[in-house]
Amino acid sequence: MGERADRSPHWRRVNSWQVVLLYGLLVSSSFTVAGMEFFTILLMGLALGMWLQGRPPRALPLWLTAPFVLLVLWALIVMLANPQPLRTLSHMASEYRVFAPFAILPALSLVRPRRALATYGIGMALWALYGVVQYQFGVDWFRTGADKLIRPFAGTGSFHAMGYFTHHLTFAGDGEPQP
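Owing to the predicted nature of the structure, the values given are computational and were not obtained by experimental measurement.

## Some words on the overall build of the protein
Logical step 1: Regarding its fold elements, the protein presents 7 helices and 2 strands.
Logical step 2: The order of α-helices and β-strands along the protein, N terminus first, is α-α-α-α-α-α-α-β-β.
Logical step 3: Long-range pairs, those at least 24 residues apart, make up 51% of the contacts in the protein with a sequence separation of at least 6.
Logical step 4: Taken as a whole, the protein presents about 12100 Å² of accessible surface, with 69% of it coming from carbon and sulfur.

See the structure below:
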């Protein structure tokens, strides 16, 4: 089976997908929650698929995985100690992210740490640059016409973006602008 993996195209190798999804997670985590969720879910699905095929992801040192195992065990103990464990379990359904480290850490072991940090830093720098431009000049490249949510901010000559999408990019807070 090892020979077959060596002859398969690069895009069909699981490790290649882990790396691509990890870099997507790093770039999207600097700005978009939806992108971060998307890449996390894909990484977790890929890891689950590897486990189901009997090929668990690369083994990690115990000191790295132990805190996450303890966290999951603690969550299960709390759930069982609750008088209504099934209700607690249903409330925990949206907290699937507690298992994310078991998919992200093996992917992190496949990349160079400096390159991963540089990718994250470049993503952050690009969004910060967009935020500075938006704050100073009032541009909103992600919306058109009447949908633009840029307003003057507190008579300062600067601008503020309203709404959940870009309000944090303008460095001016998220409340209503002062008259």
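## Re helix α3 (residues 33-52)
Logical step 1: When the terminal C-alpha atoms of α3 are compared, their 28 Å separation across 20 residues agrees well with the 28 Å that a helix rising 1.5 Å per residue should span.
Logical step 2: Inspection of α3 places G35, E37, F39, T40, L43, M44, A47 and M50 among the buried residues, and these make up the whole buried set.
Logical step 3: Looking at the buried residues of α3, the elements they touch are α2 (14-28) and α6 (101-108).

## Details of a nonpolar patch on the surface
Logical step 1: Nonpolar side chains collect at one region of the surface, where V69, L70, L73 and L76 lie side by side and expose about 340 Å² of accessible area between them.
Logical step 2: Relative to the helices and strands, L76 is located in helix α4 (residues 62-81).

## A closer look at the side chain of E37
Logical step 1: Topologically, E37 is positioned in helix α3.
Logical step 2: Residue E37 is classed as buried on the basis of its relative accessible area, which comes to 19%.
Logical step 3: Among residues more than four places away in sequence, those in contact with E37 are Y96 and R97.

## What to know about the packing of α3 against α6
Logical step 1: The geometry of α3 relative to α6 is characterised by a closest axis approach of 8 Å and an angle of 85° between their N-to-C directions. Taken together, the axes of α3 and α6 lie roughly perpendicular to each other. Listed contacts from α6 to L43, M44 and A47 of α3 are A103, I104 and A107.

## What about the packing of aromatic side chains?
Aromatic ring pairs are defined here through the distance separating the ring centres and the angle between the ring planes.
Logical step 1: Counting across every chain of the model gives 2 aromatic pairs.
Logical step 2: Arranged with centres 5.1 Å apart and planes meeting at 75°, the rings of F38 and F39 form a pair that is edge-to-face.
Logical step 3: Among the residues examined, F39 registers a relative accessible area of 19% and is labelled buried.
Logical step 4: For the pair F68 and F102, a centre-to-centre distance of 6.4 Å together with 75° between the ring planes defines the contact as edge-to-face. With F68 in helix α4 and F102 in helix α6, the pair connects residues that are 34 residues apart, well separated along the chain.
Logical step 5: Take F68: its relative accessible area is 26%, and that puts it in the partly exposed class.
Logical step 6: For F102, a relative accessible area of 29% translates into the label partly exposed.

What counts and how
Residue positions within a chain follow its written sequence, with the count starting from 1. For this predicted model, a pLDDT threshold of at least 70 governs which residues receive local features, and a threshold of 80 or more governs which side-chain atom pairs are given and counted, while totals over whole chains, interfaces and linings are taken from all residues. In computing side-chain properties, one takes all heavy atoms of the structure into account and sets aside hydrogens as well as water. Only DSSP runs of H or I with at least four residues qualify as helices, and only runs of E with at least two residues qualify as strands; both kinds are numbered from the N terminus onward. Contacts are residue-level and defined by heavy atoms, with any inter-residue pair within 4.5 Å sufficient. Here, Shrake-Rupley sampling with a 1.4 Å probe gives the accessible areas, and only protein chains in the shown set may cover a residue. One fewer than the residue count of a helix, multiplied by 1.5 Å, yields its expected span. Buried means the residue's accessible area, taken with a 1.4 Å probe over protein chains only, is under 20% of the maximum for its type, while exposed means over 50%, and partly exposed covers the values in between. A residue counts toward a patch only above 30% relative accessible area and without a salt bridge, and it is joined to like-charged neighbours within 9 Å or, for Val, Leu, Ile, Met, Phe, Trp and Tyr, to nonpolar neighbours within 5 Å. We define a salt bridge as a contact between a side-chain nitrogen of Lys or Arg and a carboxyl oxygen of Asp or Glu at a distance within 4 Å. Where helices are involved, their axes are fitted lines through C-alpha atoms of the stretch in contact, as for all axes, and angles between N-to-C directions lie from 0 to 180°. For classification purposes, an angle smaller than 35 degrees is called roughly parallel, one larger than 145 roughly antiparallel, one from 65 to 115 roughly perpendicular, and anything else oblique. We call Phe, Tyr and Trp rings a pair once their centres come within 6.5 Å, taking the six-membered ring for Trp, and we label the pair stacked below 30 degrees between planes, edge-to-face above 60, and tilted otherwise.

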